[in-house]
Structure formats: C-alpha cells, structure tokens
Amino acid sequence: MIEDYVKARKLGEREIRRARSEGRDPYLAALDEILPEADSLPHIPVGLQEIPLRMIAGTKTTARANAFARNFMPVMRERTELAVKWSNLYDAQIDEGIRDPIQVFEYMLHFYVQEGNKRVSVLKFLDVPSIEAEITRIMPKESEEPDYLMYQEFLEFYACVPIYDIVFTKPGSYHRFASLVHQDLKHVWDREFINVVRGAFFRFYRVFLKKGGDRLPITAGDAFLLYLQVYRFDSLLDRSKSDIDERLDQVWKEVLLETKDVKVSLIKEPIEDEKKSFFTMGTMGVSFNENHPLRALFVYGKDPSSDSWEKAHEEGRQYIDQKFNGTVKTNAMMAADLKENPIRISDEVKKYDVVFTTRRELMTDTLRVALQYPQVRFFNCSIFLNYQSVTGYFGRMYEAMFLMGRVAARAAENHKVGYVANAPVYGRLSEINAFAIGAALVDPEVKVHLEWSGKKEGRWQDAFQKEGINVYAGPELNDDWDNQPVHGVRKITDHGVELLAVPVWNWNLYYEKIIQMILDRNWDRAKNESNGTAVSCWWGMDAGVIDVRADASMNWLIQKDMRIWKRLLINDAWNPFEGELRSQQKEIQADGTQRLSSEDIISMDWLNHNIIGSVPLITELNEDMEKMTRMSGIRGTEEI
C-alpha cells in the first residue's frame, strides 16, 4: 500500500537528516566505492543461504544507492516507479510472503545487494529478521590486520557451521563457542543441532536488543559468548524470555566492560593507606574482628597433596589463618571434576566474604558464582582475563626470569641455553623474552632454544640433547608432566643435574597483603574507583611477592650480579622492556624508547631476536594445555 511507502519514506528522510547532522554519507553504502578492486579479487559461490538482514550493509553498485537512505528506507517521491514497485512488494509480503531470494556479495561479513534492494527495504521496514540470498563471497587480500585474522577464524567456523547469524570480534572466540556447546571446529556440525543453536541465539538476541545491545560497539555474538560462559547453553532451551532477561541483567556489567577502551585497571603494588578510619564506612559492611571474622575460601583445581602449584597456595592459606589469629578464618575445597559435574564450584561460596580460585582454568566457573553472589569478593589467580566481578591476581614473574637468563648465560659455555614453557598464555612470552634479554646482555652471542612441554608430540629433553644444550630453564629431566608456569635454571653435569637458581613465589605474603587491603577497606575503595573497569593485581619484586634464590655454591660474583640487577628492578630504575627491542622478525621499538606498557608486556605475542623456536598453535597442545590456552592464549595461537 502506498500509505506504508509514505511511512517508510519518512523513516528514510529522518535517517538522511541524522546522517548529515553527524557528517556521514546519508545514502546506501556501495561496495564498488568501498572496495574499487572488488571485481579483481577471488569470488567464491557460497550458494543459497538465509542471512540476517542486520548484516546487509549496502548495495553492490552506485546505480540505486541514492534511492535509499543508509537504513534501506526509500527516499524517492510517492509517484515514482520505485514507490509503486515497493508498494506492490509490500502487499506481496503481507499476503503470501516474498519468496524470491536476493543476490548479494559478502565481503568481510557484510552483505551488499546486487539484486533485491527493494525486497530488503520492505522486509527491513516490517522488521523481518532474515532473508534468503544467493551469496557470492569476495575473498580479501591476505593481511596481518586483526579484522582479516578474525575473518579467517570465521571461515574456519563457517566450514563446520554454515551460518552467518553469530559473529565474534575477539580472537579465539569461535573455538571457545564451539567448546561451550560441546562441539569442535574439526567436524561439520549436525544440521538439526545447527538449527537448535540458531534458535537459542535468536532467543538471546531479542533480549539483547531489548536492552539496547544494538547501540553497543560489540556484536550480539560477543555478548552471547559471555552469557554462555556463565550459564550453560542447555539453559537457553528451557528458559523463558523473562529468565533470559534476568540472567542477562546479571552479566550486563560484563557486557558493558567489553565496550570500554580501557578494560582493566592494573594494581601494580599493594595499597597501604595509614588513614584506615576513613574506610570503616566502606560499602561492603561492618568491620572484621575475632567476633566477626573475615571468612575466606580457597578453591583448588587439583589436589594440593600431589600438585606443587596448589600446595604453595595451600601453604599460603594456612599462613593466613596463623597470621591474622582469629580475625580471618579460612577454609579450602576442591573444584568438582568437569567430566563428572558441569558445576565445578558449588553455591557454598555464598557463605564467605572472599573466595580465591587458584587456577586460571577456573575463571569461567568463578565468574558464574560471582555474578550470582555479588556480595562476595572473588579473586582468580590469572592475569588479563578481565571481568568486573572477578579480580585477577598474578605476579610480574618476568622480572625474576630476566635474572634467571643472566645466570643461564654465565653458566653456558657454548652460547646455547634452553627454555621450557608449558603453554602460550597471557604473560608467558614476557617471561621467555625477559629471560632471553637477560641472557643476551651477558653474552651477545647466546641463543635461547625454546621448547614447549605442553605439546602433544616431541620431547624437549630430546631436542636439548640434540642441540648439545646443558644449561636450561625448565623442569627436571625426567619430568614429562609439566604444569608449572616457570622454572629455575639447571645445569646438566657428569654428576647429574644441578639447580643453579630458582624463581620464587611468595604466596604467603601475596595473600597477606590482599587480606590486609580488604580489612583496611582499601580493596573496596579501589574497586569503587575503577570506573567500571576490571581490576587485576600484578605485583612483583618490589612488593616482595616475587623473588629469586641462588644455590649457595654459585660463584659469588654471579650472586652479586643478581643482587645488583634485582635492586634496579625493585627500585624501578630499569626494565627489560625499555629501549631498543628486536623480535625474530622486526624491530619492536628503537633505542631511547620508554618501556612497553604493562598491557603490552602481558599480551606480548612476539619472541626476542635471540630465541630459536616459535609459538605453538592450540591444536599442537595436549588436552590440559589446550584448555588453558583457549581461555587465555595470546594472539597467534589460533588454528588458521
């Protein structure tokens, strides 16, 4: 009906006025203008597919671009040919539905209409979510740009799940989504299950739109992934719209965090404020004392009696009990086995004031209970897994590994040292590179041979033996199972293996300082002043939570060298990542440049120029290390 065309035209005119006021082109985007070389790039027929109308970004050519506003609403007068044809299509849609598919070109997850602009316009006016289209994909030029790399991840996903509905923007998200719905990206998914996934996503998407999600600079897919990390996929199938709405309310502050340019506030040293009386009216309730102790729970992923990492945290828990002498009461529990129980952390956490989970693999489970019980302070032993509801805490271990590199280079007689790492997660490459930089400052000719104990195939011991390496940072020679983040420097001699120096975590002091901050209300203040960002503690040698310990028999000059450089690090007089830095491929920064930012150090994805080795792909890792890397792997670990 022409009356409906008039209404649609008014929407188009309104969009034109708004676009002009914002200094934007008010008419349809044309692919031929956006990508002049489109016709020369590879074209791949995708076939007939139902596509979301929200992903149609414009038209292929400029011929009809000015007939529609940017929102695909018509702008030509009522007595034109366009108005008549548009009205006829509108009537056909109302009477029996538009059946003929449109023809589109897809470029980088945006669709441009070759044939069917009016059909798109009518269906957008009627708020229809999708339309059938004959798709031709235009392949982009190869690039190292983040958008191109994410598109390659999408193509890997599409090969198994041929849908366009769900789009992610963060590396690794497609693989993470597959694991959350108990699938992988190695096999084509069952068509019936794909329809179930699309239905679940659409239920979520309607609620997401209701909350204004279309105005956020993230995709509904990004929000959907966050939702699924907290609530199981199955729950979307048997929950009402109001239940989904309520649950999305709980995770909404985490969704908003994804829209911020600065997502995390790093606390790089403990907050110690003598004016404690100011904070006695803190937001988290009454002060703690022997009659009302702070209740702290430690949740372990492995048994502390058999796992050295968990044992160190358990010793920290016991120390806290003794140190605060009744003001703090602690307890410990094991997280449930994921294979036996999908809920790894029980609702017992609600009885406590603070909960520490000691492995980064427990972050997802920690987030779930943190959103359910916002009155509890939750901490997870990780870095750069950014959530408002859970605080990360970890150490600047790269400082210690810089010193370890200096020790290794002095001990090696053939300009070769080894380094064994378990998985390429956030912070790991800064430790490897700091070690390599420390070694190079002692011996400019030294090469650091990097091996990964978390890989499925190959043994680092064999690789080192083949290269004639007898000084290395890594576990015992007979240790094939390695879940430690860092190791000391060892030397292979005719009499066995000597441990020359070792980095030390002081978890006793780390937990003491966190607990003290909570008791003094400094922690609550820091959270309140974080402006909606996540908060992470990233403490180092200056806080006393990281240290190095040398074997007493080590040459006294080497020990003196360690003490000198340790003092420089503690006093912030020098940093391994300042001045000239060179990777295996290029110069990272020139001489005289200030040190890298903390964020760049944590997310480092390059290897120093004197390192022999590479970063493994996720698919090269064993099951445990693969899970860890999928959660917090650096860029470049995804299978392309």
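Residues numbered from 1 in each chain as written. Predicted model: local features only at pLDDT ≥ 70, side-chain atom pairs only at ≥ 80, totals over all residues. Heavy atoms only, no water.

Comments concerning the overall build of the protein
Scanning the protein from terminus to terminus reveals 19 helices and 22 strands. Based on the C-alpha atoms only, the size of the protein along its principal axes is roughly 95 × 60 × 50 Å. Going through the 640 residues of the protein one by one, you find that 53% of them count as buried. If you take every contact in the protein between residues at least 6 apart in sequence, the share linking residues at least 24 apart comes to 72%. (Helix = DSSP H or I, 4+ residues; strand = E, 2+ residues; numbered from the N terminus. Buried < 20%, exposed > 50% of the residue type's maximum accessible area, 1.4 Å probe, protein only. Contact = heavy atoms within 4.5 Å.)

With respect to a negative patch on the surface
On the surface, a cluster of negative charge is contributed by Glu142, Glu144, Glu145 and Asp147. With respect to the element layout, glutamate 142 can be found in the loop between strand E6 (130-138) and helix H5 (146-160). (Patch = residues over 30% accessible without salt bridge, like charges linked within 9 Å, V, L, I, M, F, W, Y side chains within 5 Å. Areas by Shrake-Rupley, 256 points an atom, 1.4 Å probe, with all protein chains shown as cover. Salt bridge = Lys/Arg side-chain N within 4 Å of Asp/Glu carboxyl O. Lys, Arg positive; Asp, Glu negative; His and termini not counted. Charge placed at Lys NZ, Arg CZ, Asp CG, Glu CD.)

A short note on the packing of helix H7 (residues 191-210) against helix H8 (residues 220-230)
Angle between the axes and distance between the axes are the two parameters that describe a pair of packed helices. At a minimum axis separation of 10 Å, H7 and H8 run at an interaxial angle of 105°. The pairing of H7 with H8 is recorded here as roughly perpendicular in orientation. Across the interface between the two elements, Ala200, Phe201, Phe204, Tyr205 and Phe208 of H7 pack against Ala220, Gly221, Ala223, Phe224 and Tyr227 of H8. When the residues that make up the contact of H7 with H8 are grouped by side-chain class, the tally is nine nonpolar, one polar and no charged. (Axes fitted to C-alpha atoms, helices over the stretch in contact; angles between N-to-C directions. Parallel < 35°, antiparallel > 145°, perpendicular 65-115°, else oblique. Nonpolar A, V, L, I, M, F, W, Y, C, P; charged D, E, K, R; others polar.)

Here's the deal with the sheet that holds strand E15 (residues 471-473)
If you trace the seven strands from one edge of the open sheet to the other, you get E19-E17-E16-E15-E13-E14-E22, paired in mixed fashion. Of all the strands in the sheet, just strand E19 (546-550) and strand E22 (611-612) have a single pairing partner and so form its edges. Looking at chain direction, strand E14 (residues 447-452) and E22 are connected through two bridges and run parallel. Bridging across to E22, histidine 449 finds its partner in isoleucine 612. (Pairing = 2+ DSSP bridges.)

Points about the packing of aromatic side chains
For the structure shown, the criterion picks out 55 aromatic pairs. Residues phenylalanine 68 and phenylalanine 72 carry aromatic rings whose centres are separated by 6.2 Å and whose planes lie at 45° to one another, so their mutual orientation is tilted. The class of phenylalanine 68 is buried, set by a relative accessible area of 1%. Positioned above the aromatic ring of tryptophan 252, the side-chain terminus of lysine 211 is 4.9 Å from the ring centre. Lying over the aromatic face of tryptophan 538, arginine 396 brings its terminal NZ or CZ to 6.0 Å of the ring centre. (Phe/Tyr/Trp six-rings, centres within 6.5 Å; stacked < 30°, edge-to-face > 60°. Lys NZ or Arg CZ within 6 Å of the ring centre and 35° of its normal.)

Focus: helix H1 (residues 2-21)
An α-helix turns once every 3.6 residues. As a result, residues three or four positions apart point the same way. For H1, spanning 20 residues, the distance from its first C-alpha to its last is 29 Å, which sits close to the expected 28 Å at 1.5 Å a residue. Taken residue by residue, H1 has Asp4, Tyr5, Ala8, Arg9, Gly12, Glu15, Ile16 and Ala19 as its buried positions. Projected down its long axis, H1 shows its buried positions confined to an angular sector of 135°, all on one face. In this structure, H1 carries Lys7, Lys10, Arg14, Arg17 and Ser21 as exposed residues pointing more than 90 degrees from its buried face. Of the surrounding secondary structure, the elements contacted by the buried residues of H1 are helix H3 (81-95) and helix H4 (117-125). Glycine 23, located one to two residues past H1, shows a positive phi value of around 75°. (Expected span 1.5 Å × (residues − 1). Arc of directions from axis to C-beta.)

A word on the pattern of salt bridges
Taken as a whole and assessed by the stated rule, the structure comprises 37 salt bridges. For lysine 60, the salt bridge identified is with aspartate 32, shortest N-O distance 2.7 Å. Linking lysine 60 in the loop between strand E3 (56-59) and H3 with aspartate 32 in helix H2 (residues 31-34), this pair joins segments that are 28 residues apart in sequence. For lysine 60, a relative accessible area of 4% gives the class buried. Among the salt bridges present, the one from glutamate 467 reaches lysine 416, with a minimum N-O distance of 3.3 Å. Within this pair, whereas glutamate 467 is found in helix H14 (residues 460-467), its partner lysine 416 is found in strand E13 (residues 416-421), the two being separated by 51 residues in sequence. Using a relative accessible area of 25% as the deciding quantity, one classes lysine 416 as partly exposed.

Brief notes about the side chain of histidine 449
Checked against the element boundaries, histidine 449 lands in strand E14. Excluding residues within four positions of it along the chain, histidine 449 makes contact with Lys416, Val417, Gly418, Tyr419, Phe464, Glu467, Ile469 and Ile612.

Some details on the nonpolar core
Within the largest apolar cluster, 93 residues are counted, with the highest numbers of intra-cluster contacts made by Ile56, Phe177, Trp189 and Phe208. Discounting residues that sit within four places of it in the chain, phenylalanine 208 has contacts with Gly213, Asp214, Leu216, Thr219, Ala220, Ala223, Leu248, Trp252 and Val255. Ala408, Ile515, Ala526 and Phe577 belong to the second largest nonpolar core, which has 88 residues in total. (Core = buried A, V, L, I, M, F, W, Y, C linked by side-chain atoms within 4.5 Å.)

Remarks on the environment of serine 553
Position of serine 553 among the secondary structure elements: in the loop between E19 and helix H17 (556-570). On the basis of relative accessible area, serine 553 is assigned to the exposed category, the value being 65%. Along the backbone, serine 553 and tyrosine 27 are 526 residues apart, and their C-alpha atoms lie at a distance of 77 Å. At 2.2 Å, the side chain of serine 553 forms a polar contact with the side chain of aspartate 551. (Polar contact = N/O pair within 3.5 Å; in protein donor to acceptor, adjacent residues only side chain to side chain.)

Focus: helix H11 (residues 363-372)
Counting buried residues along H11, eight of its 10 residues qualify, which places the element largely inside the surrounding structure. Listed as buried for H11 are Met363, Asp365, Thr366, Leu367, Arg368, Val369, Ala370 and Leu371. Close packing links the buried residues of H11 with H8, helix H9 (241-257), strand E10 (354-357), strand E11 (377-380), strand E12 (390-395) and helix H19 (623-632).

Quick notes on the environment of glutamate 144
Along the chain, glutamate 144 turns up in the loop between E6 and H5. The exposure class assigned to glutamate 144 is exposed, which follows from its relative accessible area of 64%.

Re the side chain of serine 598
Counting through the fold element by element, serine 598 comes out in helix H18 (residues 598-602). Taking the relative accessible area as the measure of exposure, serine 598 reaches 12% and is therefore buried. Separated by 3.2 Å, the side chains of serine 598 and lysine 268 make a polar contact. In contact with serine 598, not counting residues within four places along its chain, are Leu266, Lys268 and Trp538.

A closer look at the confidence of the model for the protein
In this model, the protein carries an average pLDDT of 90, and 95% of its residues clear a pLDDT of 70 or more. Residue range residues 275-284 is modelled with pLDDT below 50. Its contacts to residues more than four positions away, or to other chains, number 16 contacts. (pLDDT = per-residue confidence, 0-100.)

Observations regarding the sheet that holds strand E4 (residues 102-107)
The strands making up a sheet associate through hydrogen bonds between their backbones, and the pairing can be parallel or antiparallel. Pairing in this open sheet of six strands is mixed, and the strands run E1-E3-E5-E4-E6-E2 from one edge to the other. Since the sheet does not close on itself, it has two edges, and those belong to strand E1 (29-30) and strand E2 (43-52), each with one partner. Pairing geometry for E4 and E6, over five bridges, is parallel. Its bridge partner lying in E6, valine 104 is registered against isoleucine 135. Each of E2, E4 and E6 touches H5; the most contacted strand, E6, lies at about 120° to it.

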